[in-house]
Amino acid sequence: MAFDLVVRNGVVIDGTGSPGFEADVAVEGEKISAIGRHLGPGKKEIDVKGKAISPGFIDSHTHMDLFLVLYPHGNPVVNFGVTTAVIGDCGASAAPVPAGSEPVKVLVAYLRRVLDNYVDEKEWRWKTFPEYLGYLKGKVGINVAALVPHSPVRLTVMGEAAYQREARPDEIDAMKKMVREGLEAGAIGFSTSPRGGPAIHAGTPSTFATQDEIVELANLAAEYGGCFQFNGFGNLLKPESGFASLVERIRTCMIGNEFRLRPGEKDHGLRALALLEESKKKGKDIFGVVIPYQHIGRFGIESCFFLDGLPTWEEIKKPVEGLRNHLKEKNIRAKLDKERVEGAGKPSFPEWLGWGRIFFDRMERKELKSLEGKNVEEISRMTGKSPLDAFFDTWLEDDLRSRCYYLGAANAHLDILADMIKGRQSLIGTDAGAHLDRFFWYGAPVRILEYWQREKKLFNLEEAVWKVTGFPASKLRLNRGQLKVGWPADITVFDPDKVADLVSKRLPAKVDEHEVNRHPAGMQAVVVNGKVVVEGGECMNVYPGKVTRQELCTPLG
């Protein structure tokens, strides 16, 4: 009798970190039924000719809550081999939906800040969190591990008071009931944005919660073997933030977002790793989500952030018509450069790592298009000018209309970023579905395989696969992340020598429909619960993704 699917002639890298071995992988229904050489025939066969057969990749941090409604195949992360994505992060999601026009307006405004302007409540076909999971069931191409989000829960219980004051005991009880309903329906945990986190979350409902409220809601997740996710990870290193005392009171696995190197905080990476290891020894499992790229800061004439705050710049930057003449003057340029080096005034950007970090991304004048994608040091060598003059002359030639970016607005120090990525308390995430004009890191698992493993030799191939499969699965308590007989058939087939993320070559202007549907070279096939969902750079119109903890997680022992 034929298997339903056989992935044949590959090198099995099973997600445990063990050495790869040549074998076929056979699937019956939703499960792996055999792994070995020369297995029998399959109703469908994929000949992978020596490519890697690995577990499906796990994306530990996304904001794909509404992207999954727009792009139910699981784009863009499924294109890069992801078969399971965590959603509902940072206390922000589209369920539950509060009653009343004003609380809904607040929720939508918040989601547009955190996600993007594509958020449209008229498309929502649910009210409660269980209804939201019910909507996704049978409609998504990847597995969805959802967190119950704090801010919508708070808005639903408290209405407009949710973004004005602390909760009363009866309101906390009502929130606990709602969080419990979400966990019973299939959430894998609870998420929040505490007060003092990233500026984009400032003033949002969860930031009005006391620590007592957060602790009571988070510890409900512990009863179900679930996790607690929060943002503002860097605050763990700042005693005045109160984050350290918060996590001391949580009784379950914790995941902090934004484990990254901010400008001027180079030492925080190693300090954070030491803190996480020390917490582990004390019985506190805290993980930091790392996006394995250098972040970018886009800028134009309206906000030249690396000059903002310098006395001369503040004096000359308005009106723009006058600025053009000022920037032609060598003495003005020299003053700006001197003030930048000295950190004069109140500079917005506390760390300068050279002109090679500044790229001309989009040029307006046709004659300057050849400079797109080039950094200032490259233009300096091409023109024989100093980097300072190369920057200002090029900018002026384009009538100050160029769009530029700074590479290294976070994670600029690659040696420390490497330590953060490899850390045993670090999870890899993409942030997909959010910040569509500046976060293009949906290829993060492939970035681990391509840049950090193949190019930088940070891992061997088996370790790199484990980092994005078996490792996060064990921390999230997922019954995925390994190729093992009897386990769910979530499989990614890729060419280790060719697979590559797409944004490293050229940053897109925005994550639009075209970008979402791009597929990288070297990714041959993706299988979710036994169904082929990607093959040969094309998404199949099948939707086998699971959406509840009961289907995705190992039972409590």
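Structure: above.
Residues numbered from 1 in each chain as written. Predicted model: local features only at pLDDT ≥ 70, side-chain atom pairs only at ≥ 80, totals over all residues. Heavy atoms only, no water.

Notes on the pattern of salt bridges
Inference 1: Taken as a whole, this structure holds 39 salt bridges when the rule is applied.
Inference 2: Here K280 makes a salt bridge to D285, at a shortest N to O gap of 3.1 Å.
Inference 3: Since its relative accessible area comes to 37%, K280 is described here as partly exposed.
Inference 4: When its relative accessible area of 22% is taken as the criterion, D285 is described as partly exposed.
Inference 5: A salt bridge links K369 to E372, with the shortest nitrogen-to-oxygen separation between them at 3.2 Å.
Inference 6: Look at K369 and you get partly exposed, because its relative accessible area is 40%.
Inference 7: What emerges from the salt-bridge pattern is a single network uniting R298, D361, R362, K369, E372 and R506. (Salt bridge = Lys/Arg side-chain N within 4 Å of Asp/Glu carboxyl O. Buried < 20%, exposed > 50% of the residue type's maximum accessible area, 1.4 Å probe, protein only.)

Description of the environment of E22
Inference 1: Note on placement: E22 falls in strand β2 (residues 21-28).
Inference 2: Sequence separation of E22 and V12 is 10 residues, and the distance between their C-alpha atoms is 6.0 Å.
Inference 3: Apart from the residues within four sequence positions on either side, E22 is in contact with G10, V11 and R37. (Helix = DSSP H or I, 4+ residues; strand = E, 2+ residues; numbered from the N terminus. Contact = heavy atoms within 4.5 Å.)

Section: the sheet that holds strand β12 (residues 286-290)
Inference 1: Read from one edge of the open sheet, eight strands run β6-β7-β8-β9-β10-β11-β12-β17, paired in parallel fashion. Among the strands making up the open sheet, the edge pair consists of β6 (57-59) and β17 (426-428). Going across the sheet, the axis of each strand differs from the next one's by a mean of 25°, ignoring polarity.
Inference 2: Judged from the four bridges that link them, strand β7 (residues 82-87) and strand β8 (residues 143-149) form a sheet pairing that is parallel. Pairing of V86 across the sheet is with A145, part of β8.
Inference 3: Strands in contact with helix α15 (residues 444-455) are β6, β7 and β17; relative to β6, the strand with the most contacts, it is inclined by about 125°. (Pairing = 2+ DSSP bridges. Axes fitted to C-alpha atoms, helices over the stretch in contact; angles between N-to-C directions.)

Considering the sheet that holds strand β13 (residues 296-299)
What links the strands of a sheet is backbone hydrogen bonding, and the strands pair in either a parallel or an antiparallel sense.
Inference 1: The strand order across the open sheet formed by four strands is β13-β16-β14-β15, and the pairing between neighbours is antiparallel. Two strands in the sheet have a free side with no partner beyond their single neighbour: β13 and β15 (374-375).
Inference 2: Strands in contact with helix α13 (residues 387-397) are β13, β14 (358-362) and β16 (403-407); relative to β14, the strand with the most contacts, it is inclined by about 15°.

Here we look at the packing of aromatic side chains
Inference 1: Inspection of the entire model under this criterion finds 34 aromatic pairs.
Inference 2: Between F299 and F306, the aromatic rings sit 5.4 Å apart at their centres with planes inclined by 75°, giving edge-to-face as the arrangement.
Inference 3: What makes F306 buried here is its relative accessible area of 5%.
Inference 4: Ring geometry for W313 against W395: centres 6.5 Å apart, planes inclined by 15°, an arrangement best described as stacked. Taken together, the residues W313 in helix α9 (residues 311-316) and W395 in helix α13 connect sequence positions 82 residues apart.
Inference 5: Residue classification places W313 among the buried residues on the basis of a relative accessible area of 1%.
Inference 6: Through pairs of rings, three or more aromatic residues link up here, namely F299, F305, F306, W313, F349, W352, W355, F360, F391, F392, W395 and Y406.
Inference 7: The aromatic ring of W352 is capped on one face by R340, whose charged end is 4.1 Å from the ring centroid.
Inference 8: Directly above the ring of Y451 sits R447, whose terminal nitrogen or CZ lies 4.1 Å from the centroid. (Phe/Tyr/Trp six-rings, centres within 6.5 Å; stacked < 30°, edge-to-face > 60°. Lys NZ or Arg CZ within 6 Å of the ring centre and 35° of its normal.)

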